[in-house]
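Residue strings, one per chain:
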Amino acid sequence: MTINTLNQAGVQREQMPCLTKMERVIVSMQDPDMGMKMRNQRLLITVIPHAMTGRDIVDWLIQKYTITEEESLHIGNLLVKYGYIYPLKEPRNLCLKQDETPYRFQTPYYWTSTHWPASELDYAIYLAKKNIRKQGELIEYEKECYNALHKRINHTWDFVVMQAREQLRASKQRRKADRIVLECQEQAYWLINRPPPGVMDILEQGPERRNVANTRVQLNAEFYKKEIEQNRRGLGRNRIKSSVCLESFVKYCEQYQDHDPIMQGCLPSNPWITDDIMYWNMNSETVTMPTKLRVERWSFSFMELLNDPLGRKELLTYLEKEFSAENLCFWQACEEVRHGEASKIAAKVDEVYKQFLAPGASRWVNIDSKTMEKTLEGIKHPHRFVLDDAQMHIYFLMKKDSYPRYLKSELYKNLLAKAIVPQETKKSVFPFMRRQRHSSPSPALVTQTAEDNGKAQPSAAKANTGTASQI
């Protein structure tokens, strides 16, 4: 058999890591001392040598790896699906049954890790041999493959038929048990390398892996209608150039560069280094006067303002003067419904409806009729996201109208002018470090200095006496 070890791109296919682990398990199971005990198994009236049952496989895995029965059955199923163990009773059903169903170990020649999907010529010989033996009674998908291969490699079809007949003639000279074993071996190999339609191919991996949905497609009018609709939607989809995305990213980085404590440092000092918590206190949720960097960040985006509790408070103060504070209160109430406790969702939704949406409500919000109708229909069965449409409508209303006017208002400008600009405080990085003290002089140096001073004093006294006598 000629084995093609290249993938469709002509590159050598790498072995999947799970196959190496499975081969270790198979080698341990075939160990003559610690492996499984093989014995003859009867298949109808034929005795199959060197076989084992599904129950024996599960019991050995439990004893060898100290795992549960469910885990051992799962591992056994993987060994069968990947072709390391093949069934004899139902050769087309590649699964492990925990009963007296006979199984055998696959020959290393057919191992999945050693031989990747075979060529079309080998598959054509297998189908031709099966067609001759069963006198044309192939399965539906095998008939389609047989006819497709006949058209594709028609120039070598005489060789295919000749090889199939020679292999059948050679198999008739073997015993019946050996013929059954070889047929099951070959069938298990081709079920893995040429799986039937609707069966997942275990050898494929990555994004192009097939599944049950896309293995076999009916090329009818409905299929082409879906293709046309999908392409039409693809053409209408908005796309952004990578250069535009990069420009936006650069603009965002430049805007937030001065506000990044890692890039520009913390003022007045970094609390993680100096143990000074002044930075955290000045940027807490509730402070008398915020920092200038914090107020400047509110002008970057409307969501930046809403994410800051102090920013929401200042915006609410401005909206009260504009007589539109109910919009922000409604947005906050919707946030509480979305992130609140599940047991209180129904009560909170009812409270929001009575306060903001009901006719004649004390803080009624202006929502268009379509959104209001959809929201009232969803309130009948309340859940976390029932108010999302109404909240989004109010959000865009504040973003387009109230937010720009707030940034231009005197309230925001005065707050920005009065904002605190913290000054850097220079403190010792490590508080246990002290100023280096001067070392004390050596005792030998002290003694020598004293002797020199002692010698200097008598000479000075004699000089003074001589001077006095001269006078």
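The structure under discussion appears in the preceding block.
Caption draft 1: Up close: the overall build of the protein chain. Scanning the protein chain for helices and strands turns up 21 helices and four strands. Across the 471 residues that make up the protein chain, the buried fraction comes to 33%. Just so you have it, the protein chain exposes about 31,400 Å², and 54% of that area is on carbon and sulfur atoms.

Caption draft 2: Quick peek at the pairing of strand β1 (residues 39-43). Sheet analysis places β1 next to strand β2 (residues 46-53), joined by four bridges and oriented antiparallel. Along β2, the bridge assignment pairs Arg42 with Val47. Hairpin connection from β1 to β2: two residues lie between these consecutive antiparallel strands, with Leu44 at a positive phi of about 60°.

Caption draft 3: Broad picture of the packing of aromatic side chains. Within this structure, the stated rule accounts for 19 aromatic pairs. For the ring pair Tyr123 and Trp190, a centre distance of 4.9 Å and an interplane angle of 40° mean the geometry is tilted. Pair noted here: Tyr123 is in helix α4 (residues 120-133) and Trp190 is in helix α7 (residues 176-193), with a separation of 67 residues, a long-range link. The residues Tyr123 and Trp190 share a single accessibility class, namely buried. Note on Trp272 and Trp280: the rings are 5.3 Å apart at their centroids and 75° apart in plane angle, and the pair reads as edge-to-face. Residue class for Trp280 comes out partly exposed when judged on its relative accessible area of 40%. Ring pairs connect the aromatic residues Tyr109, Tyr110, Tyr123, Tyr126, Tyr189 and Trp190, which therefore count as one cluster. Sitting over the ring of Tyr123, Arg194 keeps its end group 5.3 Å from the ring centre.

Caption draft 4: Here's a closer look at the sheet that holds β1. Taken together, the four strands give an open sheet; going across it, the order is β1-β2-β4-β3, and neighbouring strands pair in antiparallel fashion. Edge strands, defined here as strands with exactly one partner in the open sheet, are β1 and β3 (85-87). Averaged over neighbouring strand pairs, the angle between their axes works out to 55° when direction is ignored. Contacts from α7 reach β1, β2, β3 and β4 (102-105) within the one sheet, and its direction differs from that of β2 by about 45°.

Caption draft 5: Up close: the layout of surface pockets. Of the voids in this model, the second largest pocket is the one considered here, and its volume is about 720 Å³. For the second largest pocket, the lining is made up of 25 residues, of which Arg133, Arg179, Leu182, Glu183 and Cys184 are closest to its centre. Elements that contribute at least two residues to the lining of the second largest pocket include exactly α4, α6 (157-171) and α7. For the lining of the second largest pocket, the element with the highest residue contribution is α7, accounting for eight residues. Here the residues of the lining of the second largest pocket sort into 11 nonpolar, three polar and 11 charged.

Caption draft 6: Fine view of empty space enclosed by the protein. Scanning the entire structure with this criterion turns up one cavity of 30 Å³ or more. In this model, the largest cavity occupies a volume close to 40 Å³. Around the largest cavity, the lining residues are Arg92, Tyr123, Tyr126, Tyr141, Glu142, Gln187, Trp190, Leu191 and Arg194. Elements with a contribution of two residues or more to the lining of the largest cavity: α4, α5 (140-152) and α7. If you tally residues by element for the lining of the largest cavity, the top one is α7, at three residues.

Caption draft 7: The arrangement of the pattern of salt bridges in detail. Within the structure shown, the criterion is met by 20 salt bridges. The residue Asp56 makes a salt bridge to Arg39 at a minimum N-O spacing of 2.9 Å. Remark: Arg39 occurs in strand β1 and Asp56 occurs in helix α2 (residues 54-65); sequence separation between them is 17 residues. Since its relative accessible area comes to 41%, Arg39 is described here as partly exposed. It is possible to trace a salt-bridge network through shared partners that takes in Arg92, Lys130 and Glu142.

Caption draft 8: Up close: the nonpolar core. Among the nonpolar cores identified, the biggest contains 53 residues, and Ile26, Met29, Ile48, Ile57, Ile85 and Trp157 are the most heavily contacted of them. Ile57 has contacts with Met29, Met36, Met52, Ile85, Leu96 and Tyr103, leaving out every residue within four places of it along the chain. Counting 38 residues, the second-largest nonpolar core is a separate cluster that includes Val352, Ile367, Met398 and Tyr403.

Caption draft 9: Structural detail: helix α17 (residues 345-357). Within the span of α17, buried status applies to Ile345, Val349, Val352, Phe356 and Leu357. For α17, the angular spread of buried residues about the axis comes to 70°, placing them on one side. With respect to the buried face of α17, the exposed residues turned more than 90 degrees away are Ala347, Glu351 and Lys354. Residues of α17 that are buried sit in contact with α16 (325-339) and α18 (369-379).

Caption draft 10: Representation of the pairing of β4. Covered by surrounding structure in β4 are Pro102 and Arg104 together with Tyr103 and Phe105, the residues of both alternating faces. Bridge count for β2 against β4 is two bridges, and the pairing is antiparallel. Bridge pairing in β4 places Met52 opposite Tyr103. Where β3 lies against β4, three bridges are found, and the strand directions are antiparallel. In the strand pairing of β4, Pro87 is matched with Tyr103.

Caption draft 11: Inspection of the packing of α17 against α18 at higher detail. Interaxial distance between α17 and α18 falls to 11 Å at its minimum, and their mutual angle equals 150°. By the angle between their axes, α17 is roughly antiparallel relative to α18. Handedness of the α17/α18 crossing: left-handed. Of the residues in α18, those touching α17 at Val349, Tyr353 and Leu357 are Met372, Thr375, Leu376 and Ile379. Classifying every residue of the contact of α17 with α18 gives six nonpolar, one polar and no charged.

Quick notes on the rules
- Residues numbered from 1 in each chain as written.
- Predicted model: local features only at pLDDT ≥ 70, side-chain atom pairs only at ≥ 80, totals over all residues.
- Heavy atoms only, no water.
- Helix = DSSP H or I, 4+ residues; strand = E, 2+ residues; numbered from the N terminus.
- Buried < 20%, exposed > 50% of the residue type's maximum accessible area, 1.4 Å probe, protein only.
- Areas by Shrake-Rupley, 256 points an atom, 1.4 Å probe, with all protein chains shown as cover.
- Pairing = 2+ DSSP bridges.
- Phe/Tyr/Trp six-rings, centres within 6.5 Å; stacked < 30°, edge-to-face > 60°.
- Lys NZ or Arg CZ within 6 Å of the ring centre and 35° of its normal.
- Axes fitted to C-alpha atoms, helices over the stretch in contact; angles between N-to-C directions.
- Contact = heavy atoms within 4.5 Å.
- 1 Å grid on protein atoms, 1.4 Å probe; cavity = no way out; pocket = protein on both sides within 12 Å on 5 of 7 lines; lining within 4 Å.
- Points joined across faces, edges and corners; volume = space filled by probe spheres on them.
- Nonpolar A, V, L, I, M, F, W, Y, C, P; charged D, E, K, R; others polar.
- Salt bridge = Lys/Arg side-chain N within 4 Å of Asp/Glu carboxyl O.
- Core = buried A, V, L, I, M, F, W, Y, C linked by side-chain atoms within 4.5 Å.
- Arc of directions from axis to C-beta.
- Parallel < 35°, antiparallel > 145°, perpendicular 65-115°, else oblique.
- Left-handed = near helix turned anticlockwise from the far one by under 90°.

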